[in-house]
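Structural overview
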Amino acid sequence: MNKKASISGLILAGGRGSRMGHVDKGLQAFRGTTMADHVLARLAPQVASVAINANQNLDTYAAFGVPVWQDDLAGFAGPLAGLETGLRRCQTPYLLTAPCDSPFLPLDLAERLLAALEEQDADLAFAATGEPGMRVQAHPVFCLVKTSLLPVLSSYLAEGGRRMDGWYKDVKAVEVLFEDVDAFRNINTLDELHSLDTSRPPRLADVTSCLSAYDPEALPVRDAQRIIREFVQPVGAVEQVALRAALGRVLARDIVSPINVPAHDNSAMDGYALRGGDLVPDGDTRLKVVGTVYAGRPSEAAPGPGECVRIMTGGVMPEGCDSVVPQEFVAQESADAIVLGAGTIRAGDNRRFAGEDLKAGSAALKAGKIIRPADLGLVASLGIAEVPVVRRLRVAFFSTGDELRSIGQALDTGSVYDSNRYTIYGMLQRLGCEIIDMGIVRDDPAALEAALRTACENADVIITSGGVSVGAADYTRQIMARLGDVTFWKIGMRPGRPLAFGRIGSNGRSAFLFGLPGNPVAVMVSFYFFAREALLRMMGAEAPLPLLRARSAGAIRKKPGRTEYQRGILTHGEDGMPQVRITGSQGSGILRSMSEANCMVVLHDEQGNVAAGDMVDVLMFEGLL
């Protein structure tokens, strides 16, 4: 029997995590994923199959793609309960266990334990660390057990036994010495987890400490954008998709051309291929036509001195030929002869070289590019059917407020329809995100916390609208701060002054959070000037907002010291130059003005009043809204 095929693996994640604050240890974030994910990645190649023993967050563990087994033994969430559960379900002669909080376990654990067990004809083998002559540390939770030992373990548990190293005293067990002590390290506290997590993203305090005059009560737009840019991290996960499905996705790796494009020297137009050395510099050149070359068809034509061939656009240049004269530049002297005047072409004209567009081994498209229709054609020209793209970003969003009503509901006195979820949906759809619409959440602390936790456990990013300003019913601020590393800003901008940003966690999952204001226009402005760049950065793309310059058609009042975003309509003046006028009242609740506008006038911190005729920065809505 294949030795690997005789072993099943079991990740023990059914404990209470008491030393880590009663959290699910296996789902704690570690080096870009979770601890259980690291254990699974190291254990799976060593065994025929893997299962997870867990007693909470079962759906989250099931997302790992392996069976999840709850303890059969009630009232004891310890490793022996998980081992018994695993032995009951194991379909192979041996079961190998490893704890969910040991992400460095040896890649040869199964091989060495099985070899020792067979060599000494034992029933069980477990790992130990130490050096000869020194004290040896046993690690019985890393053990390979014969499945036939189930009655022994069940009897021990039924009698009240709970020690991991006590149940096998009456069977033959062998200790296998490993030199790498760190490979069996259990991560038991959050401080220990963070100290070992070399890829752990910075805390907000780490980023804001780099700003010389950081004031969350009066934060300039550019400083807020910088903090967000440095705090968010790319998702990193990559998937291979069919070429047509890649439209609008972010390329995860360079597309390297496997061929020269074009593959051969070829003609750039319909005409006659000839030798440049045959051209007469000060008189007519007469050439005999000895064949025809068509695009896409092989040809044996090999003209000699004084000869040429008829050639079509894209036709492979015959051996010896280095120039093409367009057919309209020649005279037909006879059925098989042409003449062209002096200086009609130069040697080398109208010839496309092999690899002129792309050389084999060069990057056709660079990682981080958002794939457009032209890119699909380019990749198809290389004969590539599938491309690596960054996994779609999962974004959960909801609106908060007792005054909000969904479309179809009757409006009570003082209530309004929730428009923000529809604009946020549209903006996320344009970015190609995987969208989770969580509806309206009432102004109730328990409901808000439950919504934030659900969003955190199912998405990479959470976007809320409303509840981030200071108000009697704005519980969102308190709950966000309690769930993670979140800061609340009053940004020097109009519209959209209040903004919450950070990262929250729940059950080992974490998500970046954008708490946007509640006013409809402020939501859209805050999204485009803060959330959009962050979402693209998480996707691995760089797509800065392109600002154009236009002449202001009228005066605009503006106070220096804050950034203002005025809705505008861009047209062309009588002289053909772009000019912009604002749409009138710029209140942050006037959503109609966003629909009427085709651009936004960006007035920077240092700017004051704008006079008619002054040049201003403009952001076009096309492709954004």
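Structure report, in brief.

Definitions and cut-offs
Residues numbered from 1 in each chain as written. Predicted model: local features only at pLDDT ≥ 70, side-chain atom pairs only at ≥ 80, totals over all residues. Heavy atoms only, no water. Helix = DSSP H or I, 4+ residues; strand = E, 2+ residues; numbered from the N terminus. Rg over C-alpha atoms; globule rule 2.2 N^0.38 Å. Buried < 20%, exposed > 50% of the residue type's maximum accessible area, 1.4 Å probe, protein only. Contact = heavy atoms within 4.5 Å. Areas by Shrake-Rupley, 256 points an atom, 1.4 Å probe, with all protein chains shown as cover. Pairing = 2+ DSSP bridges. Axes fitted to C-alpha atoms, helices over the stretch in contact; angles between N-to-C directions. 1 Å grid on protein atoms, 1.4 Å probe; cavity = no way out; pocket = protein on both sides within 12 Å on 5 of 7 lines; lining within 4 Å. Points joined across faces, edges and corners; volume = space filled by probe spheres on them. Nonpolar A, V, L, I, M, F, W, Y, C, P; charged D, E, K, R; others polar. Phe/Tyr/Trp six-rings, centres within 6.5 Å; stacked < 30°, edge-to-face > 60°. Lys NZ or Arg CZ within 6 Å of the ring centre and 35° of its normal. Salt bridge = Lys/Arg side-chain N within 4 Å of Asp/Glu carboxyl O. Arc of directions from axis to C-beta. Patch = residues over 30% accessible without salt bridge, like charges linked within 9 Å, V, L, I, M, F, W, Y side chains within 5 Å.

**A closer look at the overall build of the protein**
- Check the secondary structure of the protein and you find 14 helices and 35 strands.
- In terms of overall size, the protein is more extended than a compact globule, its C-alpha atoms giving a radius of gyration of 34 Å where 625 residues would be expected to give roughly 25 Å.
- A total of 625 residues make up the protein; the buried ones form 47% of that total.
- Considering only contacts within the protein whose residues lie at least 6 apart along the sequence, 71% involve residues at least 24 apart.
- Looking at the protein as shown, the accessible area adds up to about 29,000 Å², and 50% of this sits on carbon and sulfur atoms.

**Remarks on the sheet that holds strand β15 (residues 307-311)**
- Spatially, six strands are ordered β16-β13-β15-β14-β18-β17 in an open sheet, and the strand pairing comes out mixed. With one partner strand each, in any of the chains shown, β16 (323-326) and β17 (331-334) form the two edges of the open sheet. Averaged over neighbouring strand pairs, the angle between their axes works out to 40° when direction is ignored.
- Strand direction decides the pairing type here: strand β13 (residues 271-274) and β15, joined by three bridges, are antiparallel. Each residue of the ladder has a partner; that of Ala273, found in β15, is Val309.

**Regarding the sheet that holds strand β26 (residues 461-465)**
- The six strands lie next to each other as β25-β22-β26-β30-β29-β27, forming an open sheet whose pairing is mixed. Two strands close off the open sheet at either side, each with one partner strand: β25 (434-441) and β27 (484-490). Each neighbouring strand pair of the sheet contributes to a mean axis angle of 15°, computed without reference to strand direction.
- Bridge count for strand β22 (residues 394-400) against β26 is five bridges, and the pairing is parallel. Bridging from a neighbouring strand, Ala396 pairs with Ile462 of β26.
- Here helix α10 (residues 420-431) sits on the sheet in contact with β22, β25 and β26, set at roughly 165° to β22.

**What to know about empty space enclosed by the protein**
- This model, assessed by the stated rule, comprises two cavities of 30 Å³ or more.
- When its volume is computed, the largest cavity comes out at roughly 70 Å³.
- If you go around the largest cavity, the residues you meet are Gly248, Arg249, Val250, Val390, Arg391, Arg392, Leu393, Leu431, Gly432 and Met539.
- Across the lining of the largest cavity, the residue classes break down as five nonpolar, two polar and three charged.

**Observations regarding the packing of aromatic side chains**
- Applying the stated criterion across every chain, the model contains twelve aromatic pairs.
- A ring pair is formed by Tyr61 and Phe64, whose centres lie 6.0 Å apart and whose planes are at 25°; its orientation type is stacked. Each member of the pair, Tyr61 together with Phe64, is buried.
- Against the face of Phe76 rests Arg162, its NZ or CZ located 4.7 Å from the ring centre.

**Here we look at the side chain of Thr423**
- Secondary-structure assignment places Thr423 in helix α10.
- By relative accessible area, Thr423 is classed as buried at 18%.
- Each residue touching Thr423, except ones within four places of it in the same chain, is listed here: Val523 and Met524.

**Considerations on the pairing of β22**
- Within β22, six of the seven residues are buried, which leaves the element mostly enclosed by the surrounding structure.
- Alignment of β22 against β25, held across six bridges, turns out to be parallel. From the neighbouring strand, Val395 faces β25, where its bridge partner is Ile435.

**Concerning unusual backbone geometry**
- Omega for the bond connecting Val261 with Pro262 falls within 30 degrees of zero, at -5°, which places this linkage in the cis form.
- In this structure, Pro495 follows Arg494 across a cis peptide bond, with omega equal to -5°.
- Topologically, Pro495 is positioned in the loop between β28 (493-494) and β29 (498-506).
- In this model, Asn57 sits at a positive phi of 50°, which is unusual for a non-glycine residue.
- On the secondary structure map, Asn57 appears in the loop between β4 (49-54) and α2 (58-62).

**As for the pattern of salt bridges**
- Counting across every chain of the model gives 28 salt bridges.
- Measuring nitrogen to oxygen at the nearest pair gives 2.8 Å for the salt bridge that ties Arg89 to Asp72. You can see Arg89 sitting in helix α3 (residues 79-89) and its partner Asp72 sitting in the loop between β5 (68-69) and α3, a full 17 residues away along the chain.
- Residue Lys490 is joined to Glu217 by a salt bridge in which the shortest nitrogen-to-oxygen separation is 3.2 Å. Note that Lys490 is positioned in strand β27 and Glu217 in the loop between α7 (204-208) and α8 (221-231), a separation of 273 residues in sequence.

**Some words on helix α12 (residues 476-483)**
- Inspection of α12 places Thr476, Ile479, Met480 and Leu483 among the buried residues, and these make up the whole buried set. One face of α12 carries all of its buried residues, which in axial projection span an arc of 100°. Opposite the buried face of α12, at more than 90 degrees from it, the exposed residues are Gln478 and Arg482.

**Notes on a nonpolar patch on the surface**
- Residues Ile407, Leu411, Tyr417 and Tyr422 make up a contiguous nonpolar surface patch of roughly 430 Å² in combined accessible area.
- Along the chain, Leu411 falls in the loop between β23 (404-405) and β24 (416-417).

**Comments concerning the environment of Arg372**
- Tracing the backbone shows Arg372 in the loop between β20 (363-365) and α9 (373-381).
- In this structure, the C-alpha to C-alpha distance between Arg372 and Asn458, residues 86 residues apart in sequence, is 29 Å.

**Some remarks on helix α5 (residues 150-158)**
- All buried positions along α5 are accounted for by Leu150, Leu153, Ser154, Tyr156 and Leu157. Buried residues of α5, seen end-on, are gathered within an arc of 160° and therefore sit on one face of the element. In α5, the exposed positions angled more than 90 degrees off the buried face are occupied by Pro151 and Ala158.
- In the segment just after α5, Gly160 is the residue with positive phi, at about 95°.

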